[in-house]
Amino acid sequence: MEPVGTFQLVWWALIAALVVGGSIYAYIEYHAYLLRTEVTTLPTGLRFSAQGFSVESRNSSKDIVVQTRDGHYTHKAAADAEPTVQTGGMTVTLSAVGTQFEVARLMIKPDAGLATQETGFSNLTFSASDTLRCQAERRTPGEQSVLRIEHVPNAIAADFQLFVARLQLWIAKMERTILIDLDARRKAEEETARAEAKAAAAAKKGMSSTTTNGPLTDAEREARAAEQIASWRKVAGFKGSSTEVSIGPAGEVVWFIDLDPGGRVILHAANRTFHGSLKGAHVTVLAGELEIGVRDDFWTEYDPQLVTFRVLSGVAPEARLAWKERLDILIRSLR
């Protein structure tokens, strides 16, 4: 009977080893599951998913949607408004423009004289402000939002930081576009103010409202425009073989197109100038002009927005159609 007893002991030992091994494996798998993250590319944007929260970008609405099972959200609708506070599970929508992210590791100092130690967790903070958007829309800023997600494992926080780097490129591009538009608007307003001041001074002296010496001659207007065009060509590094330009009364370039047979173009309209390739460009016939959309320095496949220029207003319709055909042929050749 002794061999049978030994066999039973070995059998029970094997069962115990399997149970312990299975428990350890299950624990490891569960721990890995808790720390698992995923970045998904959606038709509408990107989504970061982790245990307890998710963050999704919405390209069309230019928003960021955060879902969390445990968050702390503070919102002020205006600068003088009382903040509202929400805690627990929630879904928060933040405008991408004006949103900043912070990932801060939680530290602890056990006792006086001892070194600060990491806890293994981090806090995630989303801070949103409408200042830039209100400047673009000529509204009074003041709306602010802060969302905190606390005690996120460092492994998840590290993956989230990589996701944030991609979001920040998207946000930076939109913010740069707004800043460029604001700068163009500021320059246009300054130019208008100078023209009005000049006209007022001329009217006060009983002179022409255009200049104190009278209107510019055609030769003077063309010389001023040619100087500006020469500077654009110098920066672009090429001179096109097909050119059209509209010159204002003070010699300013209203719109300009300079086309190189290799597929490069210089465009100017609405106080903006572009030089570069026509690859990926789009040409639309409008009432009395052409709209040309081109890829500027901020264009990416992730955000394929084209910057548009309207040119050839005042040009004969058959000439505009000839320009469109010429542009379409070059664009197709660059694909």
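Look a little higher up for the structure.
Just so we're clear, the structure is a prediction, and the values are computed from it rather than from any experiment. (Residues numbered from 1 in each chain as written. Predicted model: local features only at pLDDT ≥ 70, side-chain atom pairs only at ≥ 80, totals over all residues. Heavy atoms only, no water.)

Turning next to the overall build of the chain. Across its full length, the chain carries five helices and 15 strands. Burial analysis of the chain (335 residues in total) assigns 32% to the buried set. The long-range fraction of contacts in the chain, counting pairs at least 24 apart against all pairs at least 6 apart in sequence, stands at 52%. Of the roughly 20,300 Å² of accessible surface on the chain, a fraction of 56% belongs to carbon and sulfur atoms. (Helix = DSSP H or I, 4+ residues; strand = E, 2+ residues; numbered from the N terminus. Buried < 20%, exposed > 50% of the residue type's maximum accessible area, 1.4 Å probe, protein only. Contact = heavy atoms within 4.5 Å. Areas by Shrake-Rupley, 256 points an atom, 1.4 Å probe, with all protein chains shown as cover.)

By secondary structure assignment, the location of Lys173 is in helix H3 (residues 154–204). What makes Lys173 buried here is its relative accessible area of 6%. Spatially, the C-alpha atom of Lys173 lies 8.7 Å from that of Asp303, the residues being 130 residues apart in sequence. Excluding residues that lie within four positions of it along the chain, Lys173 makes contacts with Phe298, Trp299, Thr300, Asp303 and Gln305.

Quick look at helix H5 (residues 317–333) now. With 17 residues, H5 extends 25 Å from end C-alpha to end C-alpha; this agrees with the ideal 24 Å at 1.5 Å per step. When H5 is considered as a whole, its buried residues turn out to be Arg320, Trp323, Leu327, Asp328, Leu330 and Ile331. Around the axis of H5, the buried residues are gathered within 165° of arc, so they sit on the same side. Away from its buried face, by an angle of more than 90 degrees, H5 presents the exposed residues Glu318, Glu325, Ile329 and Ser333. Here the buried face of H5 lies against strand E9 (242–247), strand E10 (253–259), strand E13 (282–286) and strand E14 (289–294). (Expected span 1.5 Å × (residues − 1). Arc of directions from axis to C-beta.)

We now examine the pattern of salt bridges. The tally for this structure, following the rule as stated, stands at 14 salt bridges. For the salt bridge of Asp183 with Arg186, the shortest nitrogen-to-oxygen distance reads 2.5 Å. Of the two residues, Asp183 and Arg186 are both situated in helix H3; the distance of three residues between them amounts to about one turn of the helix. The salt bridge involving Arg310 is made with Glu291; its shortest N-O contact spans 3.2 Å. Remark: Glu291 occurs in strand E14 and Arg310 occurs in strand E15 (residues 307–311); sequence separation between them is 19 residues. We classify Glu291 as buried; its relative accessible area is 18%. Salt bridges sharing common partners tie together Asp183, Arg186, Lys187 and Glu190. (Salt bridge = Lys/Arg side-chain N within 4 Å of Asp/Glu carboxyl O.)

Moving on to the sheet that holds E14. If you walk across this open sheet you meet the three strands as E13-E14-E15, and the pairing is antiparallel. Whereas interior strands pair on both sides, the edge strands pair on one side only; in this sheet they are E13 and E15. Direction aside, neighbouring strands of the sheet carry axes that sit 20° apart on average. Taken together, the five bridges between E14 and E15 define a ladder with antiparallel strand orientation. Within the sheet, the bridge partner assigned to Ile292 lies in E15 and is Phe309. (Pairing = 2+ DSSP bridges. Axes fitted to C-alpha atoms, helices over the stretch in contact; angles between N-to-C directions.)

Okay, helix H4 (residues 218–236) next. Between its first and last C-alpha, H4 extends 27 Å over 19 residues, near the 27 Å set by a 1.5 Å rise per residue. For H4, the elements touching its buried residues are E9, E10, strand E11 (264–269) and strand E12 (272–277). Positive backbone phi, at 85°, marks Gly237, one or two positions downstream of H4.

Our next topic: the sheet that holds E12. Taken in spatial order, the four strands line up as E9-E10-E11-E12 in an open sheet, and their pairing is antiparallel. This sheet does not close on itself; its edge strands, each paired only once, are E9 and E12. Taken over all neighbouring pairs, the strand axes of this sheet differ in orientation by 5° on average, direction set aside. Pairing of E9 with E10, which is carried by six bridges, proceeds in the antiparallel orientation. If you follow Ser242 over to E10, its bridge partner there is Leu259. In this fold H4 packs onto E9, E10, E11 and E12, with an angle of close to 45° to the strand it touches most, E10. Lying over the sheet, H5 contacts E9 and E10, oriented at roughly 50° with respect to E10.

As a further point, take the pairing of strand E1 (residues 37–42). Pairing of E1 with strand E2 (residues 45–50), which is carried by six bridges, proceeds in the antiparallel orientation. Bridging from a neighbouring strand, Thr41 pairs with Leu46 of E2. Linking E1 back to E2 in an antiparallel pair, the connection comprises two residues.

Further remarks concern the side chain of Asp258. Among the secondary structure elements, Asp258 is positioned in strand E10. For Asp258, the side chain forms a polar contact with the side chain of Arg233, separated by 2.7 Å. A polar side-chain atom of Asp258 sits 3.0 Å from the main-chain amide nitrogen of Gly240. (Polar contact = N/O pair within 3.5 Å; in protein donor to acceptor, adjacent residues only side chain to side chain.)

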